[in-house]
Amino acid sequence: MNEIKNDDLLQEQVLQAEKLKKRKKTIIKVIVILCAAAILMIIASAVLQKISENKEKEKQYSYDPLSGDYGEGFFPPEDDIMKDADYLDKNRSVSYTYQGVGTVYELGEADNVPAQARLFINYFNAAINGDGKTLNTLFTEEYFYNAGKEIEPYADEFPMQKIYAAEVSSIGYSTTENTLEGVLTRDRFKVSFLLKDNNGKFRPDLPEPEDGTIPVVFEVLTVKGVSKINHIYEFKYAFSE
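Cut-offs applied
- Residues numbered from 1 in each chain as written.
- Predicted model: local features only at pLDDT ≥ 70, side-chain atom pairs only at ≥ 80, totals over all residues.
- Heavy atoms only, no water.
- Helix = DSSP H or I, 4+ residues; strand = E, 2+ residues; numbered from the N terminus.
- Contact = heavy atoms within 4.5 Å.
- Areas by Shrake-Rupley, 256 points an atom, 1.4 Å probe, with all protein chains shown as cover.
- Phe/Tyr/Trp six-rings, centres within 6.5 Å; stacked < 30°, edge-to-face > 60°.
- Buried < 20%, exposed > 50% of the residue type's maximum accessible area, 1.4 Å probe, protein only.
- Lys NZ or Arg CZ within 6 Å of the ring centre and 35° of its normal.

On to the overall build of the chain, then. Within the chain, the secondary structure is distributed over 5 helices and 6 strands. The helix and strand sequence of the chain, counted from the amino end, reads α-α-β-β-α-α-α-β-β-β-β. Residue pairs in contact within the chain that sit at least 24 positions apart in sequence constitute 63% of those at least 6 positions apart. With the model as given, the accessible surface of the chain reaches about 15100 Å², and the carbon-plus-sulfur share is 54%.

With that settled, consider the packing of aromatic side chains. Counted by the stated rule, this structure contains 18 aromatic pairs. Note on Tyr123 and Phe202: the rings are 6.1 Å apart at their centroids and 55 degrees apart in plane angle, and the pair reads as tilted. Pair noted here: Tyr123 is in helix 3 (residues 115–129) and Phe202 is in the loop between strand 4 (182–196) and strand 5 (216–223), with a separation of 79 residues, a long-range link. Judged by its relative accessible area of 0%, Phe202 is buried. For the pair Tyr154 and Phe158, a centre-to-centre distance of 5.7 Å together with 35 degrees between the ring planes defines the contact as tilted. Taking the relative accessible area as the measure of exposure, Tyr154 reaches 16% and is therefore buried. Above the face of the Tyr87 ring, Arg92 is positioned so that its terminal group lies 5.6 Å from the ring centre. Positioned over the ring face of Phe235 is Lys190, at 4.9 Å from the centre of the ring.

Printed below as a string of C-alpha cells:
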C-alpha cells in the first residue's frame, strides 16, 4: 500500500515539475515577446523622431540658392540690360493671383495696390535693377536669421537680372493673428519667373529659360499695410507642415 502511495506522490511531483517547466517557458516567451515589442517601439520612435527632425529642419530653414555651388557656366554681367532689345520684348509684367482673383501688374505699378502685390512688384524691380539695398528691406529679420542658419544679405549692388514672365499666386492658406504691432496676416505664395542670360548673382539655380523654371514658395507677413518676406521654401517642402 505504501508503495502505491509513493508512486502516486512521485507521479504528482513529476506532473507539478512539468507544469512548472511549462509555466516558466510560457513566462520566458511572454518576456521575450514584450522585450522584442519594446525594442521595435524604441526603434520606430527613433526613426519617426529623426524624420520629424529632418522635416522640421526643412521647414524652418529658408531656401538660399546663393549658398550652393552651381559651377561657372554663367553669362557675363551686363552694365545695362535695358539695351537688350530681345529682353525688352519679353513679358516683363507680374501675373498676380490672390485667393483666386488674378491681376496683371506692370513693374512701375506699385502705388494703390494691395500690400502683398506691392511687395512682389518691388521685389522684382529691385532684382532686375540689381538694387540689393532695397531688396534687403523687403525681408523680415527672421528671414536673415533663418533659425540660426543665417542668410547673408544681398550686396547693396549686384549685376542686373533679366527677369521676365513672373507669376505669383497665393496657395494653401491665409491666417491672421493679433500681435503687439497689430493684426498680422500670414500668406504663402508660389513664385516663379524666367531669367534670360543668367549671370549667377541672384538665382544661380535657375536653368536656361527654354528648360523652364524652379518655383519656390514665399511666406509673407503683412502688418499695418506693409508686407515682408519671412521665409522662402523649396516648392516640394512647402506643404510638409
